[in-house]
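Spelled out, the chains give:
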Amino acid sequence: MRSTGFRRTFAALSVCSLALAASACGSGDDGSASGKTRITVNCEPPRSAKVDRGFFEQDIASFEKRHPDIDVVAHDAFPCQDPKTFDAKLAGGQMEDVFYTYFTDARHVVDIRQAADLTPYIKELKSYDSIQKQLRDIYTVDGKIYGIPRTGYSMGLIYNRKLFQKAGLDPDRPPTTWDEVRADAKKIAALGDGTVGYADYSAQNQGGWHFTAELYSQGGDVVGPDGKKATIDTPEGHAVLQNLHDMRWSDDSMGSKQLLVINDVQQMMGSGKLGMYLSAPDNIPILVKEKGGDYKDLALGPMPGGKGTLIGGDGYMFNKHDTPAQIRAGLKWLDHMFLTPGTGFLGDYARAKKANAPVGLPEPRLFTGPADAKDQQVKKANANVPVENYQAFLDGNHSLQLKIEPPDAQQIYSVLDSAVSAVLTKKDADIDQLLKDASGKIDGILARG
């Protein structure tokens, strides 16, 4: 799943403009006849996101001024990638020269032979070696480099400091185990007046997404290392469902309304009626700007369980039809737009602060070494959110194994939704049978894949 609204509050994807011939979207025609190398790129913010759109256009203009031999044509739409049309665009030759992907897309795009091999050109990407190796590795397949990471997120526990205080809990010490989550949720729910201690998703594939995150936190996995068999019918998988069942039915700390999705839970947190839920840092500005929350009341702790957390994110890959000149131009564009610490579309924190965009949220660090130090220095100097509220999350992440989503994630999440919703809506749900049935269905999905 994509966590919503990462850092900025948009996600955008291009579909080929009707004004352009379909062949212009990744045809390999580099426009050299005009004396310039032409590249099409996507994930430009839509016109409705005026501030972000303006920033994106400013950055393209400054890039073209610095590189007058390169012409960048940006495409926009919403969201950055539509899973329903992504494969069709690739197969139909309509994908941009430099195109947005989720981390989970990397191997698939390579497997269907739609990605350009960047390995011969990677030395020309100045920032490449400064990017976190575990993120670079996501786009490295069989020793070859096929993409460049741009952003990342990891799951943690958002909690309401005000409710923690009212319940007699220390708002500077969020729970770090599932037993502590359960105990704290009971105390928060005991405040009454419709207050819910802990909420979780259980519909629209989002329940399966959170089951996966919770399984990682217990040290388990959804799919075995060979990618052929489910590994959910395990003590760790049982512990995830049993914990949800007990919080719902024994503790009554999750409220009676279930089959919730992200908007429901965000609404509860923003209105001050929810103690805790799992999410990435990008939920925080949404809770403030759209749901009525207050930055000072919202804090973020590490993923409970202490063993692992789900990470996601995005990057750019290159069309297999790109010419060498287009690949070189695209790498320069990525460096300029996203990969120079303290500057560019995602890194110009001073510009973001002036536009009243949140600066200082604890996104996982993209860079290492001096590049990371510079990025953090500029971010800290322009922070406009209470960064101390996120320190527990940052400290806790150091000891967690960071794991991406499983293969065929959306299909698997749909199966797991049924198991999660069952334990939250049926007091007599048979957890062993639910895991056995889900495991068989996931095995079938993997076999077809």
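Report follows, based on the coordinates. (Residues numbered from 1 in each chain as written. Predicted model: local features only at pLDDT ≥ 70, side-chain atom pairs only at ≥ 80, totals over all residues. Heavy atoms only, no water.)

1. A few points about the pattern of salt bridges
What the rule picks out here adds up to 20 salt bridges. The salt bridge partner of lysine 229 is aspartate 443, with a shortest N-O separation of 3.8 Å. Taken together, the residues lysine 229 in the loop between helix H7 (206-217) and helix H8 (235-250) and aspartate 443 in helix H17 (residues 431-448) connect sequence positions 214 residues apart. Two residues, glutamate 363 and lysine 379, come together in a salt bridge whose shortest N-O distance is 3.2 Å. Taken as a pair, glutamate 363 in the loop between helix H13 (349-354) and helix H14 (369-381) and lysine 379 in helix H14 lie far apart in primary sequence, 16 residues in all. A relative accessible area of 13% means that glutamate 363 is categorised as buried. (Salt bridge = Lys/Arg side-chain N within 4 Å of Asp/Glu carboxyl O. Helix = DSSP H or I, 4+ residues; strand = E, 2+ residues; numbered from the N terminus. Buried < 20%, exposed > 50% of the residue type's maximum accessible area, 1.4 Å probe, protein only.)

2. Observations concerning the state of the cysteines
The tally for this structure, following the rule as stated, stands at one disulfide. In this model, cysteine 43 is linked to cysteine 80 through a disulfide, with the two sulfur atoms separated by 2.0 Å. Measuring handedness by torsion sign, the sulfur bridge of cysteine 43 and cysteine 80 sits at about 55 degrees and is right-handed. Taken as a pair, cysteine 43 in strand S1 (residues 37-44) and cysteine 80 in the loop between strand S2 (70-76) and helix H2 (83-91) lie far apart in primary sequence, 37 residues in all. Of the two residues, cysteine 43 and cysteine 80, neither departs from the other in class, the shared state being buried. (Disulfide = S-S within 2.5 Å.)

3. Remarks on a negative patch on the surface
A cluster of acidic residues, Asp233, Asp428, Asp430, Asp432 and Asp437, forms a negative patch at the surface. Take aspartate 430: it is sitting in the loop between helix H16 (409-425) and H17. (Patch = residues over 30% accessible without salt bridge, like charges linked within 9 Å, V, L, I, M, F, W, Y side chains within 5 Å. Areas by Shrake-Rupley, 256 points an atom, 1.4 Å probe, with all protein chains shown as cover. Lys, Arg positive; Asp, Glu negative; His and termini not counted. Charge placed at Lys NZ, Arg CZ, Asp CG, Glu CD.)

4. Examining H7
Its twelve residues place the ends of H7 17 Å apart at the C-alpha level, agreeing with the 16 Å of an ideal helix rising 1.5 Å per residue. Burial of H7 is extensive: twelve of the twelve residues sit out of reach of the surface. Those residues of H7 not exposed but buried are Gln206, Gly207, Gly208, Trp209, His210, Phe211, Thr212, Ala213, Glu214, Leu215, Tyr216 and Ser217. Positive phi appears at glycine 219, one or two residues downstream of H7, with a value of about 95 degrees. (Expected span 1.5 Å × (residues − 1).)

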